[in-house]
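Here are the chains, one letter per residue:
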Amino acid sequence: MEGNIGFLGAGAMGEALIRGLVQSRQVPPERILVYDIRRERLQELEQTYGLQAMTGREELVRKADIIILAVKPQNVKEALGGLQVGKEKLVISIIAGVTLARLASYLGEVPVVRVVPNTPALVGEGMTALAANKFVRPEALEKAMAIFCSVGRVMVLPEEQLNAVTGLSGSGPAYIYMLIEALADGGVRQGLTRPVALELAAQTVLGAARMVLATGEHPGVLKDKVTSPAGTTIAGLAVLEDRGMRGAIIRAVEAATLRAESLSKE
Ligand SMILES: NC(=O)C1=CN([C@@H]2O[C@H](COP(=O)(O)OP(=O)(O)OC[C@H]3O[C@@H](n4cnc5c(N)ncnc54)[C@H](O)[C@@H]3O)[C@@H](O)[C@H]2O)C=CC1
Ligand SMILES: O=C(O)[C@@H]1CCC=N1
């Protein structure tokens, strides 16, 4: 990948992308530039990855060809207010809920791609959806896609769908970690050791996810293949139905989507 990639803000998600990019070998660390308001954070990232720490957002914007905005929605105004970004640059925002229109109110008529990534990018298993404003040329969109393709899967969607994506795949890893933790607790409850239970739980989630993606079969069909008549699985599934697992997950995605919508207005 050509050019310098600059991160404005590098917390949990910024670092997941940095690590994923470095591990993918698509971008050498010396072409990754970072500015974060916390000095100790900058030093830590510089030492860990050998990337270039910038003295301020102006230096970052001057030296980077692609600028990834990775501050929290609440910090958008202080991070972007008064910032001059040339039209030849490509801005990529990973900020949840913040619309292309709102970004344009700070940045003006520059190419911006709004992206919803997730933290499994750190291990090359990210899921990213993106939408571009009208100033983004096809080659620039390709570049944005290449960055996120190097750390997982990518899809282009209409911007109106990105808050729902945030509620599903953006926040989703946390739901799944909770599921894995609960499965492991279940195993421990039945007498398994914690490490054994955790490995069983995590590999089961990974295997089930791979089955859905690799076979293209409806998850209901795959579920039926696990479920023997009068067997163990149906006994477990009946409890999950009783306790409203499906409804709880649907509501979780809804609540997170609504929160993404409200973040845009903060
Ligand atoms: N964590 C996740 O799984 C995902 C996060 N996102 C989005 O990514 C963005 C970052 O999220 P996290 O990394 O989780 O948050 P975080 O709080 O870990 O990182 C934000 C970073 O921005 C820095 N910062 C704050 N104000 C700044 C300023 N004015 N200039 C430069 N740096 C500044 C902070 O010091 C911090 O290191 C958010 O907008 C979030 O909505 C999107 C998808 C997934
Ligand atoms: O919790 C958040 O607001 C961010 C956005 C999606 C995942 N983490």
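Check the entry above for the structure.
The paragraphs below set out a description of the structure included in this document.

Conventions we followed
- Residues numbered from 1 in each chain as written.
- Chains lettered and ligands numbered in written order.
- Predicted model: local features only at pLDDT ≥ 70, side-chain atom pairs only at ≥ 80, totals over all residues.
- Heavy atoms only, no water.
- Helix = DSSP H or I, 4+ residues; strand = E, 2+ residues; numbered from the N terminus.
- Buried < 20%, exposed > 50% of the residue type's maximum accessible area, 1.4 Å probe, protein only.
- Salt bridge = Lys/Arg side-chain N within 4 Å of Asp/Glu carboxyl O.
- Axes fitted to C-alpha atoms, helices over the stretch in contact; angles between N-to-C directions.
- Parallel < 35°, antiparallel > 145°, perpendicular 65-115°, else oblique.
- Contact = heavy atoms within 4.5 Å.
- Core = buried A, V, L, I, M, F, W, Y, C linked by side-chain atoms within 4.5 Å.
- Near = heavy atom within 4 Å.
- Areas by Shrake-Rupley, 256 points an atom, 1.4 Å probe, with all protein chains shown as cover.
- Nonpolar A, V, L, I, M, F, W, Y, C, P; charged D, E, K, R; others polar.
- Expected span 1.5 Å × (residues − 1).
- Arc of directions from axis to C-beta.
- Polar contact = N/O pair within 3.5 Å; in protein donor to acceptor, adjacent residues only side chain to side chain.
- Pairing = 2+ DSSP bridges.
- Right-handed = clockwise from strand over helix to strand, strands pointing away.

1. What about unusual backbone geometry?
Among all residues save glycine, negative phi is the norm, and among peptide bonds the norm is trans.
Now for step 1: Phi at R25 is positive, roughly 65°, even though this residue is not glycine.
Now for step 2: Topologically, R25 is positioned in the loop between α1 (12-24) and β2 (32-35).
Now for step 3: With a relative accessible area of 75%, R25 lands in the exposed category.
Now for step 4: Notably, A230 is not glycine yet its phi reads approximately 55°, a positive angle.
Now for step 5: Within the element layout of this structure, A230 appears in the loop between α10 (219-226) and α11 (232-242).

2. Let's talk about the pattern of salt bridges
Now for step 1: Taken as a whole and judged by the stated rule, the model has 11 salt bridges.
Now for step 2: E159 is the salt-bridge partner of R114, the closest N and O atoms lying 2.7 Å from each other. Of this pair, R114 sits in strand β6 (residues 112-116) while E159 sits in the loop between β8 (152-156) and α7 (162-170); the two residues are 45 residues apart in sequence, bridging distant segments of the chain.
Now for step 3: Through salt bridges with shared partners, a single network forms among E15, R41 and E44.

3. So, the packing of α7 against helix α8 (residues 172-189)
Now for step 1: Closest axis-to-axis distance for the α7/α8 pair is 5 Å, and the angle between their directions is 25°. With respect to α8, the axis of α7 lies roughly parallel. Contacts from G167, L168, S169 and G170 of α7 reach α8 at G172, P173 and Y175.

4. Focus: the nonpolar core
Now for step 1: Counting 55 residues, the largest nonpolar core has F7, V34, L69, I92, L107 and F148 as its most contacted members.
Now for step 2: Looking at this core, the element that brings in the most residues is α1, giving five residues.
Now for step 3: In this structure I92 touches I66, I67, I68, L69, V113, V115, A144, I147 and F148, once residues within four positions along its chain are discounted.
Now for step 4: By size, the runner-up hydrophobic cluster in this structure holds six residues, among which are A129, A131, L157 and L162.

5. A look at the site of ligand 2
Now for step 1: Near ligand 2 the following residues occur: A96, T166, G170 and S171.
Now for step 2: With the chains in place, 42% of the 240 Å² that ligand 2 exposes on its own is no longer accessible.
Now for step 3: In the shell around ligand 2, the residues fall into one nonpolar, three polar and no charged.

6. What about helix α6 (residues 138-149)?
Now for step 1: Look at α6: 16 Å from first C-alpha to last across 12 residues, which is about the 16 Å you get at 1.5 Å a residue.
Now for step 2: Turning to α6, its buried residues number three or more, namely A140, A144, I147 and F148. Each buried residue of α6 sits inside an arc of 90° when the element is viewed along its axis, so together they form one side. Exposed and facing more than 90 degrees away from the buried side of α6 are P138, E139 and E142.

7. Considering the site of ligand 1
Now for step 1: As a matter of local geometry, ligand 1 sits amid 21 residues, with M13, D36, R38, V71 and E78 nearest to it.
Now for step 2: Take A96: an N or O atom from its main chain is 3.0 Å from an oxygen atom of ligand 1.
Now for step 3: Summarising the interface, the protein chains cover 83% of the accessible area of ligand 1, which totals 830 Å² for the free molecule.
Now for step 4: Contributions of two or more residues to the shell around ligand 1 are made by α1 and α4 (76-80).
Now for step 5: Considered class by class, the residues forming the shell around ligand 1 number 13 nonpolar, four polar and four charged.

8. Regarding the sheet that holds strand β3 (residues 52-53)
Now for step 1: The mixed open sheet is built from eight strands, whose spatial order is β3-β2-β1-β4-β5-β6-β7-β8. Each edge of the sheet is formed by a strand with only one pairing partner; in this case those strands are β3 and β8.
Now for step 2: Direction of pairing for strand β7 (residues 126-132) relative to β8: parallel, over a ladder of five bridges. Following the sheet pairing, L130 is matched in β8 by V156.
Now for step 3: Packing against the sheet, helix α5 (residues 100-107) makes contact with β4 (66-69), β5 (90-93), β6 and β7, and its axis sits at approximately 135° to β6.

9. Here we look at the pairing of β7
Now for step 1: Of all seven residues in β7, five are buried, a share of seventy percent or more.
Now for step 2: Relative to β7, β6 is paired through four bridges, and the arrangement is antiparallel. By the bridge assignment for β7, R114 is matched with A131.

10. Side note on the pairing of β2
Now for step 1: With burial as the criterion, each face of β2 is covered, one bearing I32 and V34 and the other bearing L33 and Y35.
Now for step 2: Pairing of strand β1 (residues 5-8) with β2, which is carried by four bridges, proceeds in the parallel orientation. Note on β2: the bridge partner recorded for I5 is I32.
Now for step 3: Between β1 and its parallel partner β2, the chain crosses via α1, and the hand of that crossover is right-handed.
Now for step 4: Taken together, the two bridges between β2 and β3 define a ladder with parallel strand orientation. Directly across from V34, in β3, lies its bridge partner A53.
Now for step 5: Between β2 and its parallel partner β3, the chain crosses via helix α2 (residues 39-49), and the hand of that crossover is right-handed.

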